[in-house]
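If you want the building blocks of each chain, they are given just below.
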Amino acid sequence: MPSYTVTIATGNQWFAGTDDYIYITLVGTEQCSERTLLDKPLYNDFERGAVDSYDVRVGEDLGDLVLVKIEKKKYWVQDDWYCRYITVKTPSGDYLEFPCFRWLVDDKEVVLRDGRAHLPQDDKTSLVKQHRQKELDGRRKTYRWKEWQPGFPMSIDANRHKDLPRDIQFDSEKGVDFILNYSKAIENLFVNQFMHMFQSSWSDFADFEKIFVRIKNTISEYVMEHWKEDFMFGYQFLNGCNPVLIQKCKKLPDSFPVTHEMVAVSLERELTLEQEIKAGNIYIIDYKLLDGITPNSTDPCTLQYVAAPICLLYKNAQNKIMPIAIQLGQTPGEDNPIFLPTDGQYDWLLAKIWVRSSDFHYHQTITHLLRTHLMTEVFGIAMYRQLPAVHPVFKLIIPHVRFTIAINTKAREQLICECGIFDKANATGGGGHVQMIQRAMKSLTFRSLCFPDMIKSRDMDSKEEMPNYFYRDDGYEVWEATKRFVSDVVHIYYTSDERVQGDEEIQAFIKDVCSFGMQDLDFCGEFPKSLKSREELIEYLTVIIFTASAQHAAVNFGQLYLGMYPDEHFTEKPVKDAMAKFRKELAEITSSIKKRNEGKKLPYYNMSPDKIPNSVAV
């Protein structure tokens, strides 16, 4: 009687094991095995982290093994189980791997194909075609689009984290980690002790320093020592947490009437302001998007304000970026003066603080929330709805959407919701942050998510003209390494452009992002609705991975780092070789960045691959 050896790996996360009954059915091209209970006498099966093996005997040869069906049935109480993978040794001695990486909840069954990736046009038998379609039909019922706010990218149809599908909820450890990190942040910022500082006017700059008394490292101490100085103010636009707004000034806007006489004392090259602009030495930051945003009024006892400043910057002879003029509103006039470095010490300092306040609002709401968190969620939902687990693109991008939908749901539940933390702590709370995203959506194009295009659109692409823009330099390196990796994987499965055009699932994925995720909004019409070539597919997938990893890292930080793929969704050697090559390139970039940073008082590590998270998970 032929015998198959089945090995099952249970997850390592908390509560991954189960005491429920586990059944298996092997499905071959000729016939199926009997439904078999996997149970060893006097042995506690399927414990957390366990790898258990069982013999499944069959009456006749099953033919080529195609599917494995796993069922969980209640023993005493419902006991969820996380299955990592299943391997099957056939009677002929061959080994087949069946990646799972899913939770089985309630009396649920999961049907798995082996780990080799397949495009839909490569499936020839009705058995695998039906399995593929059934998986997608089930996913589309589970992963539904929902409009959280008008004019926003669409999000998951779940009001609370516990309403999410189990497979995309935080693991128990991650949930505990979220709570501990939040508590630690509160403790570090002394928020409980100093919250009254945010509810009243500060009397001294020392109040600011008290808040950060527990944040101690070389960089923070250097910043605290120099934060009032103009060079530090300018440096942060290049390599701070929001290095995406600075652009070369080719012409002063009519709303910002700076004259040469105003700034002549700040210019070093014996050129007029107009000549400095033509020479490419003048840069500008414009927070026009904040103009008219409603300030937070949730606390009637606390007046709050939102500025929409314009800031003019000058690249001096030492290639430092220095502020030379600031206007705090968009309409010039006597009540909206232009502040200059020659003004009183505190007038100039307060003008810079207002710019920093506006930069904070833009960074948190647009650069961070909209352009990394919410966009990655759109890609993730479309992936679950349109790509089965056997699709190579699903296998490629699923590590990069890990926990993103969960963290965004938490944010909508606790952070950016009505009466959430934003309403309590931010001047744009109480609805201003919603207005900001609605406005920013009008300039959110697909090309603006392509890193090289985004840099070039601001005329910031020349290393010779702007030599200390490390966000750009490191970002280029990581973008190109990611693109080469994606190209390697794409060329394994797509041998021609026609293969891309004929992949109905990838085309449905692209259309779902545009037509549903971005709601086919007129101003988002530049998002592709289809792909015609491998090059277009490579760029699209690079955007997804880069947005979820490197771009998010540049404005935040994370845990599982770029190039780390602990869940082996791919089983083919060529893809594993491509992953190894990718990790090697990332290690070389890390080494190069570390070498460049040696001896710098302000080293830049935000784009160092060893500090780039795989996904938007924090």
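About the thresholds
- Think of each chain on its own: its residues are numbered from 1, step by step along the sequence as written.
- With the structure being a predicted model, the display of local features is reserved for residues of pLDDT at least 70 and the display and counting of side-chain atom pairs for 80 or more, all residues being used for whole-chain, interface and lining totals.
- Computation of side-chain values covers all heavy atoms of the structure but excludes hydrogens and water.
- UniProt positions are given in the numbering used here, feature names are shortened, and annotations may be inferred rather than shown by experiment.
- For our purposes a nonpolar core is just a set of buried Ala, Val, Leu, Ile, Met, Phe, Trp, Tyr and Cys residues, chained together by side-chain atoms within 4.5 Å.
- Between buried and exposed lies partly exposed: a residue is buried under 20% and exposed over 50% of the maximum accessible area for its type, with that area taken using a 1.4 Å probe on protein chains only.
- What counts as a helix is a DSSP run of H or I of at least four residues, what counts as a strand is a run of E of at least two, and both are numbered from the N terminus.
- Boundaries between domains were set according to an automatic or database domain assignment.
- Working rule for contacts: check all heavy atoms of both residues, and any pair within 4.5 Å makes them a contact.
- Only the stretch in contact is used when a helix axis is fitted, and all axes are lines through C-alpha atoms; the angle between N-to-C directions ranges over 0 to 180 degrees.
- An angle counts as roughly parallel when it lies under 35 degrees, as roughly antiparallel when it exceeds 145, as roughly perpendicular when it falls between 65 and 115, and as oblique in every other case.
- Whether a crossing is left-handed or right-handed is set by the direction in which the near helix is turned from the far one by less than a right angle, anticlockwise for left-handed and clockwise for right-handed.
- The residue classification treats Ala, Val, Leu, Ile, Met, Phe, Trp, Tyr, Cys and Pro as nonpolar and Asp, Glu, Lys and Arg as charged. All others, Gly included, are polar.
- Note on pairing: DSSP must find at least two bridges between two strands before they are called paired.
- Using protein atoms alone on a 1 Å grid, points that fit a 1.4 Å probe yet trap it form a cavity, whereas open point sets bounded by protein on both sides within 12 Å along at least five of seven lines form a pocket; residues with an atom within 4 Å of a point count as lining.
- Grid points are joined across faces, edges and corners, and a volume is the space filled by probe spheres set on the points.

- The name that an unreviewed UniProt entry assigns to the protein is Arachidonate 5-lipoxygenase a, with the source organism given as Amphilophus citrinellus.
- Quoted verbatim from the Pathway (unreviewed entry) heading of the UniProt record, the comment on the protein is "Lipid metabolism."
- Checking UniProt for the protein, the heading Subcellular location (unreviewed entry) contains the comment "Cytoplasm".

### Some details on the nonpolar core
Grouped burial of nonpolar side chains is what soluble globular proteins tend to show.
Then, in step 1: Residues Ile246, Tyr471 and Phe509 are the most contacted members of the largest nonpolar core, which totals 120 residues.
Then, in step 2: The leading source of residues in this core is helix H9 (residues 345–386), at 15 residues.
Then, in step 3: A domain split of this core shows at least three residues from each of domain 2 (145–165 + 368–611) and domain 3 (245–359).
Then, in step 4: Ignoring sequence-local partners within four residues, the contact set of Phe509 consists of Phe379, Ala382, Met383, Gln386, Leu387, Ile397, Tyr540 and Ile544.
Then, in step 5: Counting 25 residues, the second largest nonpolar core, distinct from the first, contains Ile24, Phe46, Val58 and Leu104.

### Quick look at the packing of helix H15 (residues 470–493) against helix H18 (residues 534–554)
Then, in step 1: Between H15 and H18, the least distance of the axes is 8 Å, while the angle of their chain directions is 135°. In this view, H15 runs oblique relative to H18, as classed from their interaxial angle. Two packed elements cross with a definite hand, and for H15 against H18 that hand is right-handed. Each of Tyr471, Gly475, Val478, Trp479, Thr482, Lys483, Val486, Ser487, Val490 and His491 in H15 lies in contact with H18, whose residues at this interface are Arg534, Glu535, Leu537, Ile538, Leu541, Thr542, Val543, Ile545, Phe546, Ala550, Gln551 and Ala554.
Then, in step 2: Per-class residue counts for the contact of H15 with H18 are 13 nonpolar, six polar and three charged.

### Re the sheet that holds strand S15 (residues 338–339)
Then, in step 1: Strand order across the open sheet formed by five strands is S11-S12-S13-S14-S15, with antiparallel pairing between neighbours. Of all the strands in the sheet, just strand S11 (247–248) and S15 have a single pairing partner and so form its edges.
Then, in step 2: Of the strand pairs in this sheet, S11 and strand S12 (residues 282–286) are connected by two bridges, and their pairing is antiparallel. Its bridge partner being in S12, Gln247 is matched across the sheet by Ile284.

### Digging into empty space enclosed by the protein
The probe, sized like a water molecule, is rolled over the atoms to show the empty space still left.
Then, in step 1: Within this structure, the stated rule accounts for two cavities of 30 Å³ or more.
Then, in step 2: By volume, the largest cavity is sized at about 60 Å³.
Then, in step 3: Lining the largest cavity are Trp148, Phe152, Pro153, Met154, Ser155, Leu374, Glu377, Val378, Arg412 and Ile416.
Then, in step 4: Here the lining of the largest cavity gets three residues from one element, more than from any other, and that element is H9.

### Comments concerning the pairing of strand S1 (residues 3–10)
Then, in step 1: When you tally the buried positions in S1, you get six out of eight residues, the bulk of the element.
Then, in step 2: Here S1 runs beside strand S4 (residues 51–57); their pairing, made up of seven bridges, is antiparallel. Opposite Ala9, over in S4, you have Val51 as the bridge partner.
Then, in step 3: Across six bridges, S1 lies against strand S6 (residues 81–89) in antiparallel orientation. Following the sheet pairing, Ala9 is matched in S6 by Tyr85.

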